[in-house]
Number of protein chains: 2
Amino acid sequence: MTTRDTRSSSVAIGSHKAYLTGSRPDLRVPVRRVHLTDGNAVTLYDTSGPATDPAVTTDVRRGLPPLRHRWIAERRADGTGDVTQLAYARRGVVTPEMEFVALRENVAPEFVRDEIAAGRAVLPVNVNHPESEPMIIGKNFLVKVNANIGNSAVTSSVEEEVEKMTWATRWGADTVMDLSTGRDIHTTREWVLRNSPVPIGTVPLYQALEKTGGRAEELSWEIYRETVIEQAEQGVDYMTVHAGVLLRHIPLTARRKTGIVSRGGSIMAAWCLAHHEESFLYTHFAELCEIFRSYDITFSLGDGLRPGSIADANDEAQFAELRTLAELNRMAKDHDVQTMIEGPGHVPMHKIKENVDLQQELCEEAPFYTLGPLTTDIAPAYDHITSGIGAAMIAWWGTAMLCYVTPKEHLGLPDRDDVKTGVITYKIAAHAADLAKGHPGAQVWDDALSDARFEFRWEDQFNLSLDPETARAYHDETLPAEPAKTAHFCSMCGPKFCSMKISRDVMDTYGPGRADDLSDDEIEAGMLAKSKEFAEAGNRVYLPLASD
Amino acid sequence: MTTRDTRSSSVAIGSHKAYLTGSRPDLRVPVRRVHLTDGNAVTLYDTSGPATDPAVTTDVRRGLPPLRHRWIAERRADGTGDVTQLAYARRGVVTPEMEFVALRENVAPEFVRDEIAAGRAVLPVNVNHPESEPMIIGKNFLVKVNANIGNSAVTSSVEEEVEKMTWATRWGADTVMDLSTGRDIHTTREWVLRNSPVPIGTVPLYQALEKTGGRAEELSWEIYRETVIEQAEQGVDYMTVHAGVLLRHIPLTARRKTGIVSRGGSIMAAWCLAHHEESFLYTHFAELCEIFRSYDITFSLGDGLRPGSIADANDEAQFAELRTLAELNRMAKDHDVQTMIEGPGHVPMHKIKENVDLQQELCEEAPFYTLGPLTTDIAPAYDHITSGIGAAMIAWWGTAMLCYVTPKEHLGLPDRDDVKTGVITYKIAAHAADLAKGHPGAQVWDDALSDARFEFRWEDQFNLSLDPETARAYHDETLPAEPAKTAHFCSMCGPKFCSMKISRDVMDTYGPGRADDLSDDEIEAGMLAKSKEFAEAGNRVYLPLASD
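Residues numbered from 1 in each chain as written. Chains lettered and ligands numbered in written order. Predicted model: local features only at pLDDT ≥ 70, side-chain atom pairs only at ≥ 80, totals over all residues. Heavy atoms only, no water.

### Here's the deal with the overall build of chain A
Within chain A, the regular secondary structure consists of 21 helices and 13 strands. Residues classed as buried in chain A amount to 67% of the 548 residues present. Within chain A, contacts between residues at least 6 apart in sequence are counted, and of these 72% link residues at least 24 apart. (Helix = DSSP H or I, 4+ residues; strand = E, 2+ residues; numbered from the N terminus. Buried < 20%, exposed > 50% of the residue type's maximum accessible area, 1.4 Å probe, protein only. Contact = heavy atoms within 4.5 Å.)

### Regarding the sheet that holds strand 2 (residues 28–35) of chain A
All names here are of chain A. Taken in spatial order, the three strands make up an open sheet running 1-2-3, and their pairing is antiparallel. Strands at the two margins of the open sheet, each flanked by one partner only, are strand 1 (15–21) and strand 3 (41–45). When the angles between neighbouring strand axes are averaged without regard to direction, this sheet yields 40°. Judged from the five bridges that link them, strand 2 and strand 3 form a sheet pairing that is antiparallel. Bridge assignment links Val 31 to a residue of strand 3, and that residue is Tyr 45. (Pairing = 2+ DSSP bridges. Axes fitted to C-alpha atoms, helices over the stretch in contact; angles between N-to-C directions.)

### A short note on the pattern of salt bridges
Residue and element names in this part refer to chain B. Within the structure shown, the criterion is met by 80 salt bridges over all chains. A salt bridge links Asp 38 to Arg 457, with the shortest nitrogen-to-oxygen separation between them at 3.5 Å. In this pair, Asp 38 is assigned in the loop between strand 2 (28–35) and strand 3 (41–45) and Arg 457 in the loop between helix 16 (442–454) and helix 17 (458–464), connecting sequence segments 419 residues apart. Exposure remark for Asp 38: the relative accessible area of 35% places this residue in the partly exposed category. (Salt bridge = Lys/Arg side-chain N within 4 Å of Asp/Glu carboxyl O.)

### What to know about the UniProt feature "domain: ThiC-associated" (unreviewed entry) in chain A
Mapped onto this numbering, the UniProt entry annotates "domain: ThiC-associated" (unreviewed entry) at residues 14–76 of chain A. Taken end to end, residues 14–76 of chain A comprises 13% helix and 32% strand; its first and last C-alpha atoms sit 42 Å apart. (UniProt positions renumbered as here; feature names shortened; annotations may be inferred.)

### Comments concerning the environment of A:Leu179
Relative to the assigned elements, A:Leu179 resides in the loop between strand 7 (175–178) and helix 6 (185–194). In the structure, A:Leu179 is positioned 31 residues away from A:Asn148 in sequence and 6.8 Å away in space, judged by C-alpha atoms.

### Overview of the domain arrangement of chain A
Residue and element names in this part refer to chain A. Split by domain assignment, chain A resolves into domain 1 (139–440) and domain 2 (444–526). The interface of domain 1 with domain 2 comprises eight residues on the first partner and six residues on the second. Interface area for domain 1 against domain 2, summed over the two sides, is near 550 Å², with a carbon-plus-sulfur share of 60%. Scanning the region where domain 1 abuts domain 2 turns up two salt bridges. Note that Glu 469 and Arg 170 form a salt bridge whose closest N and O atoms lie 2.9 Å from each other. At the boundary of domain 1 with domain 2, the tally comes to three residue pairs in polar contact (both at pLDDT 80 or more). Considering each element in turn, the side of domain 1 that touches domain 2 owes the most residues, six residues, to helix 15 (residues 416–436). Residues of the side of domain 1 that touches domain 2, tallied by class, amount to four nonpolar, one polar and three charged. (Domains from an automatic or database assignment. Buried area = accessible area lost by both parts, 1.4 Å probe. Polar contact = N/O pair within 3.5 Å; in protein donor to acceptor, adjacent residues only side chain to side chain. Nonpolar A, V, L, I, M, F, W, Y, C, P; charged D, E, K, R; others polar.)

### What to know about unusual backbone geometry
A cis amide bond links A:Gly372 with the next residue in sequence, A:Pro373, at an omega value of 10°. Among the secondary structure elements, A:Pro373 is positioned in the loop between strand 12 (368–371) and helix 14 (383–396). Omega for the peptide link from B:Pro344 to B:Gly345 comes to 5°, which places this bond in the cis form. You can see B:Gly345 is positioned in the loop between strand 11 (339–343) and helix 13 (352–362). Positive phi values are uncommon outside glycine, yet A:Asp296 reaches one of about 55°. Positionally, A:Asp296 belongs in the loop between helix 11 (285–295) and strand 10 (298–301). A:Asp296 sits in the buried class, given a relative accessible area of 1%. In the Ramachandran plot, B:Phe456 falls in the positive-phi region, its phi being about 55° despite a non-glycine side chain.

### A short note on the sheet that holds strand 3 of chain B
Residues and elements named next belong to chain B. Strand order in the open sheet formed by three strands is 1-2-3, and the pairing between neighbours is antiparallel. Each edge of the open sheet is held by one strand with a lone partner, namely strand 1 (15–21) and strand 3. Neighbour to neighbour, the strand axes of the sheet diverge by 40° on average, direction disregarded. Here strand 1 runs beside strand 2; their pairing, made up of seven bridges, is antiparallel. Bridge pairing links Lys 17 to Arg 32 in strand 2. Of the strands in this sheet, strand 1, strand 2 and strand 3 are in contact with helix 3 (residues 96–105), which crosses strand 2 at around 15°.

### Thoughts on the environment of B:Val176
All names here are of chain B. Structurally, Val 176 can be placed in strand 7 (residues 175–178). Taking the C-alpha atoms as reference points, Val 176 and Asp 78, 98 residues apart in sequence, are found 31 Å from one another. In this structure Val 176 touches Asn 146, Ala 147, Ile 149, Met 165, Ala 168, Thr 169, Val 198, Pro 199, Ile 200 and Gly 201, once residues within four positions along its chain are discounted.

### Considerations on the packing of aromatic side chains
Taken as a whole, this structure holds 22 aromatic pairs over all chains when the rule is applied. Measuring from centroid to centroid gives 5.1 Å for A:Trp271 and A:Phe280, while their planes differ by 80°, and the two rings are edge-to-face. Its relative accessible area of 5% is what places A:Trp271 among the buried residues. We classify A:Phe280 as buried; its relative accessible area is 4%. Here B:Trp71 and B:Phe100 contribute two aromatic rings whose centre-to-centre distance is 6.4 Å and whose plane-to-plane angle is 55°, an arrangement assigned as tilted. (Phe/Tyr/Trp six-rings, centres within 6.5 Å; stacked < 30°, edge-to-face > 60°.)

### Considering the side chain of A:Lys164
With respect to the helices and strands, the residue A:Lys164 is situated in helix 5 (residues 158–170). Among residues more than four places away in sequence, those in contact with A:Lys164 are A:Ile149, A:Pro414 and A:Val419.

### A short note on the pairing of strand 10 (residues 298–301) of chain B
Residue and element names in this part refer to chain B. Neither face of strand 10 is left uncovered, since the one carrying Thr 298 and Ser 300 and the one carrying Phe 299 and Leu 301 both have all their residues buried. Note that strand 9 (residues 238–241) and strand 10 share four bridges and pair parallel. Residue pairing in the sheet places Val 241 in a bridge with Leu 301 of strand 10. Direction of pairing for strand 10 relative to strand 11: parallel, over a ladder of three bridges. By the bridge assignment, Phe 299 is partnered in strand 11 with Thr 339.

Rendered as C-alpha cells:
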C-alpha cells in the first residue's frame, strides 16, 4: 500500500521548506509550503527537521545543529528558579520555545504559556536535547502523533533505528519513542537523540531490566534511578513511568481475559509479586520528580494496566490505576514537572468517551496520550485501521497525542513501510479530529485539496495529499499518460461519465464564480437561459477531451 | 498490505464450511466454522457461497445452483397478491428467505418478518436471481458491507469482473454492486448474477446513458424503463435510483466547493438543465414502483446530491434531496416495494450523527446505506481509512449497510488487492459497530481471538483473524521458524520481555482458572503465599523457553 521511497531525507515532492521567523533571528519555525499550479500556496505544519532543508547538509555522525543551545544557555545564565517550561510559564515567562510553538500553531505566545501553566499542555524539551524543534501537546492545539521505534529482542542496526526515526518524522511523526531493548541500547539512543528534530521518549524500565539480565525481581530504585539519570544526561525529552501499578491493583487483573499487556506494567507487577511490596516507582516518585525537574523531562505516566482486549476495556483495574495516576500528576505539578497521562489500548467505540472524560476529570485536564484505542480484536495485520478508528474518536473527544499502531502490531516488528503506514494512518486520525474540534485553519488543507480535485488540478491534488508518491502512483496505474494529469475527468469514470465534469457544466450555468453574488431567483433565471443556449449549442454536455 | 492469494475459490485457511439446517431440507444456511487447537470451534457468518464448499464443484459457465428456485416456484403456485418480501411480511407470512436470514443472524423468524414489515429492514431478492443466499439489511441486524465492481471506462474482461465479485464475497462482502459502464455491460452482468451468492445491485442510469451515446439530454423515461426491465429480467436484486434530484435542488449546488459528485446525480442534473423540466425519474416514480414490485427489486434511493468534500457536508442541497427521498420512500412502501436510502459521502466526524439521525427521522427508519463517509479530504490513496473511520461511527449510530471505499478512490480503478483491502477495512468498521451496538454474539469473535492471543495459540489467532494469510505472513517475517508459532512469547518483545508471559505468571499466582471463585482477600492471601514459593524457586519470572 505504500510506494517504496528511500529518500527520507528529500523534501516531499511538490513542496518546499520555508521558515517563519520570530522575535529574534535564531527563532525560525519550519513549515512545508505546497505551491499550487493556480499560483496559490498552502502552508503545512512540518515535523521533518533540517533533513528536508536543501540548504542544510546533515551528517548522521555529527548530528543536527543545536537549535536551542543559546536559549538554554541564556536561561542558565540568569539562573533563577526551576528550568522547566512549566516553571517559566507559572512565573509568567514566555520562553523562545513557547514563541516557537505559538508560531507553529498560529496562536498567541501568551495562550501557549497559559495552557502550559494550567497543566493542560506540555512542551517536552530536555535541556540536553538542544537539537529538537519545540512542539506542544495539549487538547487546545493540533492533535499530535507519536511513532515508536526500537530494535526490541530481534536486533537491528543503530543506523536502521536512526533512519526509521528520520523516516517517521518525514511522514509527520511529532515525537518518537525509542523502545530499544537489545544490545547497543545506549549507543542507539545517543544517535537517535543527536539526529532527532522531534522530542524523544523512552521507557527507562526496559533498560533497567537489561541491567538485571531480565530478572524483574532484581530491579531496585537504585538501578532504575541510575538508568533514568543516564538517559536524562543524553537528552531524553519524556519518559514513560509505570508508577501507577500498585500492589493492591494487581489482583484486579486476575479475572481479566488478557491480564496485563503493558510490558512496563507487567514488569512492575512481577516485581511487586516477587517482593510483595509497594512499587518502588510509587514510593520513590518524589525523588523522581526532583530528577525530572532538573532536566525538564516530561512525565508520561504509563497505564500499566491498560486493557489488552475489548473484554477488559474500562474495567476496575484500569480505572483504579487512573486514580493513582491522577494523584501522581498532582505531585509532579507540585514539583513544576510537566506531565501527560497515557491511555488505552483496546476499547469498543461506545466506551471511548467515558474513558477520556474520566481521565480529563481526574487528571485536571492533563494531556491524554493514548495508544489507539483498537475498536475490535479480530483484525491482526490491520490494527492500524482498527485503532485508527478509535484514535480519531478519542482525539476528537480530547486526547492530545496519539501513539501510532502499525500493521505489524501483535505480530512482529514494523519495517519502513509499516512505520510509514502507521504514521500516515494516524495523521489521518489526528487531522479528522482537528476538523471535528473545529481547530482554526484545519479545514484550509481539505478545502485546498477539494478545490484542486474539482478543478482537475491533478498535480496539486497529489502534492497536497499526505502521501504524494502513492497518490500519483495509484493514478498512473490507470492513466499513466502525462496528459491524463491535466485531463478534465477522473480516471474512475472516464471522459463521458465524469460527474465533476458534468457538475462543472451545471455550475457554469450560473457563470463561473458568479454564483455567490446571485439570488436563488437569479440562479433559476440563469438556469433557464442557459438551458436555451444549451439546446442551441446542440445539447452537448460532454465536450470532446481535446476542446477542454 | 495484502498477501497475494489467487485462490478466491478456496475455503479460508483453518476454517471449514458448514451448514445450519432449517425447517425444510432445502433450507441450509452456510457458516464458516473455525476449529481451534483447544478443541473449541467458533462459528462465523459466511458470505462466500458455494465457491468455498469443497463438496460443490462450481463452473463459472454454468453458474451457481438455484438455491431459491423451489421457494419462488411454490409462491408463484399459490399466486395470491404481491411477490415482494415486504408484502409477505405485511401479510404475516414468514418466507423461507426470512427463516434463512433468521438462522443466519441468530434471531427469531418472526422478528425478521416484523422488521421487514415495519420497513426497518430489507431482504433484497429478485425472483430472477434464485442463486442468491438470503441476507438482511437493517439497523437491528449485523451491519453489512457492499463492494463495488465494474470495468468503468477502462475496460476489463468479463471473467475479471466475475472473479472480482467472487473475491469480494470471499473476504466478506454482503452485497456487490456491478457498476460496469463499458462494452459487454449486459453480458458482464449476466455472468456476475449467475455466479453471485450475494444480492447484486446496479445503477440502471449508467447503462441507459450508454444507449444515448453518453448524451444525458437524450435520456428519456422510455429508454430508462426499458433498461430497468432488461436488468430486472436478469435478476438484479436492488437498483440505485437518483429520483431525488429535483430541478429546484440544482441551484442549491451552485455555491458548493465540489458541486455534484454523484455520477447519477450529475447525469440527472444535466438532463434537468438541458430540458428545464422535472426529473423523469421523479415524475414516473409510481410506474417504477410497479416494475420493482413485480420482480421484488429493492429500491436504493440514491443521494445524487451527496457532498463531495468536507466543506459541502450536511448542506441544504443534501438535506433538500433527503426530504424528497423520504417522500419517495413512502410511495415505494405504498406499493409494497422494499426500500433503503443512500447517504454520504464526505462528512467530518462532528456532523455524522446529525446526518444519520435526520435520515432515520425523515425516512421512518428505512435502512440507511452510506458511502463511508470520508472524515477528511487530505489523504487520497488512503480513503479506505479516512472513510473507514466515518463508516464505523455512522454504523454505530444506525447505518445498516456500508458501501466500501478502496485505496484507489478518487485516483483509479481498484484491482484485486484494492478490493480485498476495501472489504476487510469495511468488515472492521462493521464489526466495530456491531460491538458498539451490543449486537448479541458480536463479541464472541473478539473474545475467542483474545483468548488465543493470551494463551499464545498463534495458529488460532491467525485462523480467527479477518485475513489469516496476511496475519501469518507478518508474524513469519519476524519469527519464521515453526516452533515460534507455539512459542510462549510475542515476536515484538522476545522471551524476556513478553508482558503476556509475565502476566500469565501473575495470574498463575491465583491458581490457573481459580481466580473467578476467589474473593479479593483470598487472592491477596494467595498472592503472598505465591510470593514465598516464588522466592524459594529462585525468583525466576522468566522460565527458559524449553520448559514452556
